[in-house]
Each structure stands twice: as structure tokens, then as C-alpha cells.
Amino acid sequence: MRPGTKQEDYGFTFGASKSWRETFADALVAKFDAASNIRDMDREGVDVSVLFPTLGLYIMWRNNLDPELSAAICRAYNTWLADYCSYDRKRLHGVALIPLQDPQRAVAELKHAREKLGLVGIFWRPNKLCGRTISSPDYFPVYEVAAELGVPLCIHEGARTVLEQAGSDRYSEFGRHMPATRWNRCSPL
């Protein structure tokens, strides 16, 4: 915020933007439930939506996050997301969070998310985590199970964050002058 500006607290992300509140008025009243999501998709002419976590862009990418806590957060989020998508399984599809602090736990959550919950992909930031990059051999078991289950690995950077970002060593002020969507990619494994 610029010095001297005042921001009202509307109790939700982006709430200070009048345009945002007007655009999502129906969803706000409905507390962003699945039915309001479908109505927004209908208004925009969107047939199918693949849902990525918002706070998941950041919450899971902490080196100091206890692996057991990470696994519990992922399980809770994935269970909630599957329930949300159950409103219309033909149009709403969820991408799972997996606890990458511990690759063995990540494999277990991937299997649960796909086989028990029906989620369709894995969400993954292209950043170092616990000293590992996306090419770390420690993650090979995750890739093998994803391939067996036919689950794509969806790479999605989060711009303008306090966490390390992919490409920040190659681009000055990475993410500050370019839309986040320019850097987002979803690639099949």
C-alpha cells in the first residue's frame, strides 16, 4: 500500500477492490460455494474448470514445515476439494496438494488423492524445497506413481511472494512487472 492510503478490511482476499467485489458479488453472497462457481462458469462460457489451491501456492512451500503437519494439511485440503468438486464432477476437477517435505508421504497422499478422492493432478511450484529441486531423485517415486495413475504434474508459480521464486536468478524483479499467468504452466508428466 502507498503511504497515506487507507484499506478497508472486508475479511477476504482482494476485498479492498471495489471492482473485484462487484465482479464476484454472487459468489461473495454464496460464500464462494460450488454452485456459485458453476454459475460464474456459465456466465463466462467455461465448460470445465481445473481448480488449483490459492493459499496452497505458498503454505506448503516452507522448508521448516513439519512433514507430519504438511501431510495433515494436504489431506484436509484434498478432502475438502474433493467434496467441493462433488457438486458437479463433470465440470469441477481438483488438483491435489502433496506433502513434498517427505517424498514417501507425498506418494501416499498422491495415491489417496487420485484413488479415493478422484483428484486429477498434482500441484507443484518449481521452487527448491528442503534443498531439493523438481529434478531431485528423491521425487522419482512420486513421478513413477503419478505416471502409473495417469496423473499430470501441474507446475504453477506464485508471483509476488515472499518465498523464493523460479527464475528469480535470471529475471530482475521477477514477478513485479509481469502478470503471474505468464509464468504458470501445467505440463503432463
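For the structure, check the block above.
Everything numeric here is computed off the predicted structure, so don't read it as measured data.

Parameters and conventions
Residues numbered from 1 in each chain as written. Predicted model: local features only at pLDDT ≥ 70, side-chain atom pairs only at ≥ 80, totals over all residues. Heavy atoms only, no water. Pairing = 2+ DSSP bridges. Helix = DSSP H or I, 4+ residues; strand = E, 2+ residues; numbered from the N terminus. Axes fitted to C-alpha atoms, helices over the stretch in contact; angles between N-to-C directions. Contact = heavy atoms within 4.5 Å. Core = buried A, V, L, I, M, F, W, Y, C linked by side-chain atoms within 4.5 Å. Buried < 20%, exposed > 50% of the residue type's maximum accessible area, 1.4 Å probe, protein only. Parallel < 35°, antiparallel > 145°, perpendicular 65-115°, else oblique. Left-handed = near helix turned anticlockwise from the far one by under 90°. Nonpolar A, V, L, I, M, F, W, Y, C, P; charged D, E, K, R; others polar. Right-handed = clockwise from strand over helix to strand, strands pointing away.

K.L.:
How should I be thinking about the sheet that holds strand β1 (residues 49-51) in this particular structure?
P.N.:
The pairing of strands in a sheet happens through backbone hydrogen bonds and is either parallel or antiparallel. Read across the open sheet, the 4 strands follow the order β1-β2-β3-β4; overall the sheet is parallel. At either end of the open sheet lies a strand with only one pairing partner, and these are β1 and β4 (153-155). Adjacent strand axes in the sheet meet at a mean angle of 35 degrees, parallel and antiparallel pairs treated alike. One ladder, built from 3 bridges, connects strand β3 (residues 121-124) with β4; its direction is parallel. Along β4, the bridge assignment pairs Ile-122 with Leu-153. Packed on one face of the sheet, helix α3 (residues 34-44) meets β1 and β2 (92-96) and runs near 115 degrees to β2.

K.L.:
Any chance you could explain the nonpolar core here in plain terms?
P.N.:
Across soluble globular proteins, you tend to see nonpolar side chains buried next to one another. Within the largest apolar cluster, 37 residues are counted, with the highest numbers of intra-cluster contacts made by Ile-122 and Trp-124. Elements supplying a minimum of two residues to this core: α3, α5 (67-85), β2, α6 (103-116), β3, α7 (140-149) and β4. The element best represented in this core is α5, accounting for 6 residues. Filtering out sequence-adjacent residues up to four positions away, Trp-124 remains in contact with Trp-61, Ile-98, Leu-100, Ile-134, Tyr-139, Val-142, Tyr-143, Leu-153, Cys-154, Ile-155 and His-156.

K.L.:
Would you mind going over the packing of α6 against α7 with me for this structure?
P.N.:
Helix-helix packing is characterised by the crossing angle of the two axes and by the distance between the axes. Where α6 contacts α7, the axes come no closer than 9 Å and their chain directions differ by 15 degrees. One finds that α6 runs roughly parallel with respect to α7. For the pair α6 and α7, the crossing hand works out as right-handed. The segment α6 lies against α7, with Pro-103, Ala-106, Val-107, Leu-110, Lys-111, Arg-114 and Glu-115 engaging Pro-141, Val-142, Val-145, Ala-146 and Leu-149. Considered class by class, the residues forming the contact of α6 with α7 number 9 nonpolar, no polar and 3 charged.

K.L.:
What is the right way to look at the packing of α5 against α6 in this model?
P.N.:
Close contact between α5 and α6 brings their axes to 11 Å; oriented N to C, the two are set at 10 degrees. Here α6 runs roughly parallel to α5, going by the angle between their axes. Contacts from Pro-67, Glu-68, Ala-71, Cys-74, Arg-75 and Asn-78 in α5 reach Arg-105, Glu-109, His-112 and Ala-113 in α6.

K.L.:
Honestly, the pairing of β3 in this entry has me stumped. Any pointers?
P.N.:
Two faces, one strand: in a regular strand the side chains alternate between the faces of the sheet. Of the two faces of β3, the one lined by Gly-121 and Phe-123 and the one lined by Ile-122 and Trp-124 are each fully buried. In terms of strand pairing, β2 meets β3 through 2 bridges, oriented parallel. Within the sheet, the bridge partner assigned to Val-95 lies in β3 and is Gly-121. As a crossover connection, the stretch from β2 through α6 into β3 is right-handed.

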